[in-house]
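These are the residues of each chain, in order.
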Amino acid sequence: MMKQADQRNLTMVMDLYELTMANGYFNDGDMETRVAFDVFYRKNPDRGGFTIFAGLEQIVEYVEDLHFSDGDIAYLRSLDTFTDAFLDYLKKFQFRGDIYAFPEGTIMYPNEPVITVVAPLIDAQLVETAILTQINHQSLVATKTARIVRAAEGKMVSDFGARRAHNMDAAVYGARASYIGGAAGTATVLAGQMFGIPVSGTMAHSWVMYYEDEFEAFKNYAVNYPDNTVLLVDTYDTIQSGIPNAIRVAHEVLEPMGKRLRGVRIDSGDLAYQSSKVRRMLDEEGLEDCRIIVSNSLDEHTISSLNIQKACIDGYGVGERLITGATSDYSDDTLALLGAVYKIAAVEENGVFVPRIKISGTVEKITNPGLKKVYRIYDQNGKAKADLIAKADEEIDMSGEFRFVDPQMPWRNLKFTNCTAKSLQVKVFDKGKRVYELPTLEEIRSYVKRQLGEEIWEEEQRFNNPHVHYMDMTPDYYDLKMSLLHEKGKATS
């Protein structure tokens, strides 16, 4: 199967400050100091209750192929910013660190470390941008798609978004993410070639407009593709022209060949009214098996509205609001964002990792310090009750009652009872070598479906005012964070 790195060297997909900091660390002799960085985000997109972790496979590809070519070094030298010794160091650079991550497709929540990089300082610094780029894009699209698929209530959803994507890579990897999120397929051919995603597509309005009349256009298409004739019926007038001509093609062209009209697509107008009218017209002509597909700036909210109106729709082609993660709520354009960040959590001193914490006047921007583990806590019915942050060396024993702290209400005396805990991060790289077998795209997709169907509460999947997933801490970890806050707070007072 094709890979991103087969086509080009993406090493230089990094912010300049990563290189300037690395150059400074090198000049100061700090390049071998090991550090830990966490990747996390602060808010779910669309005010939702969860996010789907996507993009790990492309992060792995990037790290494995990380090298500076002669052309890269020549360009960096031309900036007149870096020392010759540092550029010589980059010529032989390979990533040497450890990376831990949630398995791709894991349902994730704000403020938990989805990826942890434990590596020499320069190594950890240089991978920042590439990691964030992949997570922020693919996780956003996968999550948006899951919302759209949920709204569709079992009806087909396909990615039609390539031409509205922000560039070619966004189209291809957005299609991958949409498949993880539950889309049935994509119209983007390269995504089908690279990832084995089912591809589908029929015609544009230009096909219909090229011919002298609509019937001739439909007839010629049916002759070319008799086994999969889906006709775009809204070029002129869906009810008065498009559907009558589609019915005529079904009877006069396809049926004599022993074929059936597979579907019609409506791309404009009042989709609820038109689909109901079209359904009656098709059924009256014995075309009950002809599917009605709609497109045109759809998202989870418009699809939910169509369901409420009992629209007669069999499938949805979703474009810009899927591939960009955009929302129909234009009053707040921050909804269509996933702002994963990369923050230092610990620095090794004399063989021991010493926690670091970022303090901010904005409470949400205070980080969770130190090396840590994240556990998903399940109740006796297998439902995900909460996530739990613990110190990396803590033992989590759920055989009896387990006391924990809700950091939003730390005064409460809280305990898990009859629960089980699963550690979420797996080791992906060990000293620069991959030690984790990546799942297939189908396995990732199935993993998402199983979690949303069996583990994640329905209340967290609501579009409006979803239940907030509990993010708890062990008492030891909470005490660690509070002690650092008090210590650093005194230093800045």
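Refer to the structure above for everything that follows.
Residues numbered from 1 in each chain as written. Predicted model: local features only at pLDDT ≥ 70, side-chain atom pairs only at ≥ 80, totals over all residues. Heavy atoms only, no water.

> Looking at this structure, how should I read the sheet that holds strand 6 (residues 156–159)?
Pairing between sheet strands relies on hydrogen bonds along the backbone, with the strands arranged either parallel or antiparallel. Taken in spatial order, the six strands of this open sheet run 7-6-11-10-9-8, and their pairing is parallel. The open sheet terminates on both sides in strands that have one partner only, identified here as strand 7 (185–186) and strand 8 (230–232). (Pairing = 2+ DSSP bridges. Helix = DSSP H or I, 4+ residues; strand = E, 2+ residues; numbered from the N terminus.)

> Explanation requested: the pairing of strand 14 (residues 372–378) in the structure shown.
Side-chain positions along a regular strand alternate between the two faces of the sheet. Across the seven residues of strand 14, six count as buried, placing the element largely inside the fold. The pairing of strand 14 with strand 15 (residues 384–391) spans seven bridges and is classified as antiparallel. By the bridge assignment for strand 15, tyrosine 375 is matched with leucine 388. The hairpin formed by strand 14 and strand 15 contains five residues between the paired strands, and glycine 382 there has a positive phi angle of roughly 85 degrees. Alignment of strand 14 against strand 18 (residues 420–423), held across four bridges, turns out to be antiparallel. Bridge pairing in strand 18 places isoleucine 377 opposite alanine 421. (Buried < 20%, exposed > 50% of the residue type's maximum accessible area, 1.4 Å probe, protein only.)

> Help me understand the packing of aromatic side chains in this model?
Applying the stated rule across the entire model yields 14 aromatic pairs. Between phenylalanine 95 and phenylalanine 429, the aromatic rings sit 6.2 Å apart at their centres with planes inclined by 75 degrees, giving edge-to-face as the arrangement. With phenylalanine 95 in the loop between helix 4 (84–91) and strand 3 (98–101) and phenylalanine 429 in strand 19 (residues 426–430), the pair connects residues that are 334 residues apart, well separated along the chain. Feature note: the residues Phe26, Phe68, Phe82, Phe86, Tyr89 and Phe93 constitute an aromatic cluster, connected by ring pairs. The residue whose ring lies beneath lysine 383 is tryptophan 457, and the NZ or CZ to ring-centre distance is 5.9 Å. Directly above the aromatic system of tyrosine 179 lies the positively charged group of arginine 445, at a separation of 4.1 Å from the ring centroid. (Phe/Tyr/Trp six-rings, centres within 6.5 Å; stacked < 30°, edge-to-face > 60°. Lys NZ or Arg CZ within 6 Å of the ring centre and 35° of its normal.)

> In this structure, what is going on with the pattern of salt bridges? I would like to understand it.
Side chains carrying opposite charge are able to pair once their charged atoms draw close together. Within the structure shown, the criterion is met by 28 salt bridges. Note that arginine 176 is salt-bridged to glutamate 104, the shortest N-O span being 2.7 Å. Here the residue arginine 176 occupies a position in helix 7 (residues 168–180), and glutamate 104 occupies one in the loop between strand 3 and strand 4 (107–108), the gap between them amounting to 72 residues. Accessibility expressed as a relative area gives 0% for arginine 176, which makes it buried. Where salt bridges share partners, they join Asp46, Lys144, Arg147 and Glu300 into one cluster. (Salt bridge = Lys/Arg side-chain N within 4 Å of Asp/Glu carboxyl O.)

> Got a minute to help me understand the sheet that holds strand 13 (residues 352–355) in this structure?
Spatial ordering of the open sheet is given by 13-12-1-5-3-19-20, a layout of seven strands whose pairing is antiparallel. Taken across any chain shown, the strands that pair with only one partner, and hence form the sheet edges, are strand 13 and strand 20 (433–434). Pairing analysis gives four bridges linking strand 12 (residues 341–349) to strand 13, with the strands arranged antiparallel. From the neighbouring strand, alanine 346 faces strand 13, where its bridge partner is proline 355. Where helix 2 (residues 56–64) meets the sheet, it contacts strand 3, strand 5 (115–120), strand 19 and strand 20, and its direction lies at approximately 15 degrees from that of strand 19. Helix-sheet contacts for helix 6 (residues 128–152) involve strand 1 (34–40), strand 5 and strand 12, and the interaxial angle to strand 12 is about 140 degrees. (Contact = heavy atoms within 4.5 Å. Axes fitted to C-alpha atoms, helices over the stretch in contact; angles between N-to-C directions.)

> I tried to follow the side chain of asparagine 44 on my own but got confused; where do I start?
Topologically, asparagine 44 is positioned in the loop between strand 1 and strand 2 (51–52). Within the structure, the side chain of asparagine 44 is placed 2.7 Å from the side chain of tyrosine 41, a separation counted as a polar contact. A polar contact is formed between the side chain of asparagine 44 and the side chain of threonine 51, at a distance of 2.8 Å. Sequence-distant contacts of asparagine 44, defined by excluding residues within four places in its chain, comprise Gly49, Phe50, Thr51, Met108 and Pro110. (Polar contact = N/O pair within 3.5 Å; in protein donor to acceptor, adjacent residues only side chain to side chain.)

> What is the right way to read helix 11 (residues 238–254) from this model?
Because each turn of an α-helix spans 3.6 residues, side chains separated by three or four positions end up pointing in the same direction. Compared with an ideal rise of 1.5 Å per residue, which puts 17 residues at 24 Å, helix 11 spans 20 Å between its outermost C-alpha atoms and falls more than 12% short. Burial runs high along helix 11: 12 of the 17 residues are buried. On the buried face of helix 11, the contacting elements are helix 10 (214–224), strand 8, strand 9 (263–266) and helix 12 (271–284). Measuring from the side-chain oxygen of the N-cap residue of helix 11 to the backbone nitrogen of isoleucine 239 gives 3.2 Å; that N-cap residue is aspartate 237. (Expected span 1.5 Å × (residues − 1).)

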